[in-house]
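# Coordinates in review
Here is how the chains run, residue by residue.
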Amino acid sequence: MSETVLELENVTARYGRIEALRSISFSVQAGQIVTLLGSNGAGKSTTLRTISGLVQASGGTIRFMGEDITRMPSHDIVARGLIHVPEGRRIFKGMSIRENLELGSFTLKDDTERRRRMEHVFEIFPVLHERQHRDAALLSGGEQQMLAMGRALMTSPRLLLLDEPSMGLAPFLVREIMRIVERLNSEGVTILLVEQNAKMALKLADYGYVLETGEIVIEGDAPTLREDENIVKAYLGT
Ligand code: ATP
């Protein structure tokens, strides 16, 4: 039987007078990769921000592992293993790669566990290992994305919210990021993926939801969505 990791029920969110999410409901099952698709401004990033507590939901309920997290502060949500890798990566420049990774596990008291996690991150991202003492500001866009994902892994997440991990990357790096998302998922991390690159997202995902002006307008398993004429026309090109 599958286990529901994340569940949104009639969630609304607003920025002042702008209604960014209009009663959205969806769920993510353990072990899945679920993707949120939609054009610019549809509300994808707001959905992730609302789940991770960066934006306060104005209505509805968000449950993580069965627990109501709707009004929980972000740091308590993180402590439960729900980790958000935001668009634009937000790495700490002026600090080394290693220091950035350590920040991902600063609440962890067990040094052996911290070392084990860092070795795991270095195994997944050898480039971060090679450059661990370099300033994060010197990394390329792709490497910054890897660092942001590596830092998230230092927390040993149950659910990763990934916002546009392929943004601005050359095609070979997009493939690399895809490979890494697949690997993390095969290691047991459940993933909610926001992507402009719908082709990539639907190749990776088990299930997808399409957002339009703050509402879910289409949903289905990924192979079905790949064949859906409206989706092909709007997001996959003809
Ligand atoms: P994109 O791919 O462009 O990030 P998106 O689907 O992630 O698009 P959101 O960023 O969630 O969309 O935006 C949803 C709506 O909320 C849009 O109308 C946007 O202009 C508005 N919005 C987003 N962030 C803010 C903010 N900080 N203040 C005011 N309005 C915002």
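Since the structure is predicted, the reported quantities are computational estimates derived from the model, not experimental observations. Chains are numbered independently. Their residues run from 1 in the order of the written sequence. Confidence filtering applies because this is a predicted model: local features only for residues at pLDDT of at least 70, side-chain atom pairs given and counted only at 80 or more, and all residues used for totals across whole chains, interfaces and linings. To obtain the side-chain values, all non-hydrogen atoms of the structure were used and water was disregarded.

### Examining the site of the ligand
Residues are labelled near a given molecule or strand when at least one of their non-hydrogen atoms is within 4 Å of it. Around the ligand sit 15 residues in total, of which G41, G43, K44, S45 and T46 are the nearest. Pairing of N or O atoms within 3.5 Å defines a polar contact, subject to two protein rules: one partner must be a possible hydrogen donor and the other a possible acceptor, and residues neighboring in sequence count only if both atoms are side-chain atoms. The contact in question runs from an oxygen atom of the ligand to an N or O atom on the backbone of G41, over 2.8 Å. Every accessible area reported is derived by Shrake-Rupley at a probe size of 1.4 Å, with residue values counting cover from the shown protein chains alone. Contact with the protein chains removes 64% of the 630 Å² of surface that the ligand exposes when unbound. In DSSP terms, a helix is any run of H or I states spanning at least four residues, a strand is any run of E spanning at least two, and both are numbered starting from the N terminus. For the shell around the ligand, the secondary-structure elements that each account for two or more residues are β2 (18-29) and α1 (44-51). Ranked by the residues each element gives to the shell around the ligand, the list is headed by α1, at four residues.

### As for the sheet that holds strand β3 (residues 33-37)
Two strands pair under a simple rule: DSSP has to find at least two bridges between them. Strands sit in the order β6-β7-β8-β3-β9-β10 across an open sheet of six strands; the sheet is mixed. Strands at the two margins of the open sheet, each flanked by one partner only, are β6 (82-85) and β10 (215-221). Pairs of neighbouring strands in the sheet enclose a mean axial angle of 15°, with direction left out of account. Bridge count for strand β9 (residues 207-212) against β10 is six bridges, and the pairing is antiparallel. Its bridge partner being in β10, Y207 is matched across the sheet by D221. Lines are fitted to the C-alpha atoms to define the axes, a helix being fitted only along its stretch in contact, and any angle between axes, read from their N-to-C directions, falls within 0 to 180 degrees.

### Regarding the sheet that holds β2
Taking strand neighbours across the sheet as the criterion, the four strands line up as β2-β1-β4-β5 in an open arrangement whose pairing is antiparallel. The open sheet has two edge strands with one neighbour each: β2 and β5 (67-68). Looking at chain direction, strand β1 (residues 4-15) and strand β4 (residues 59-64) are connected through five bridges and run antiparallel. In the strand pairing of β4, T12 is matched with G59.

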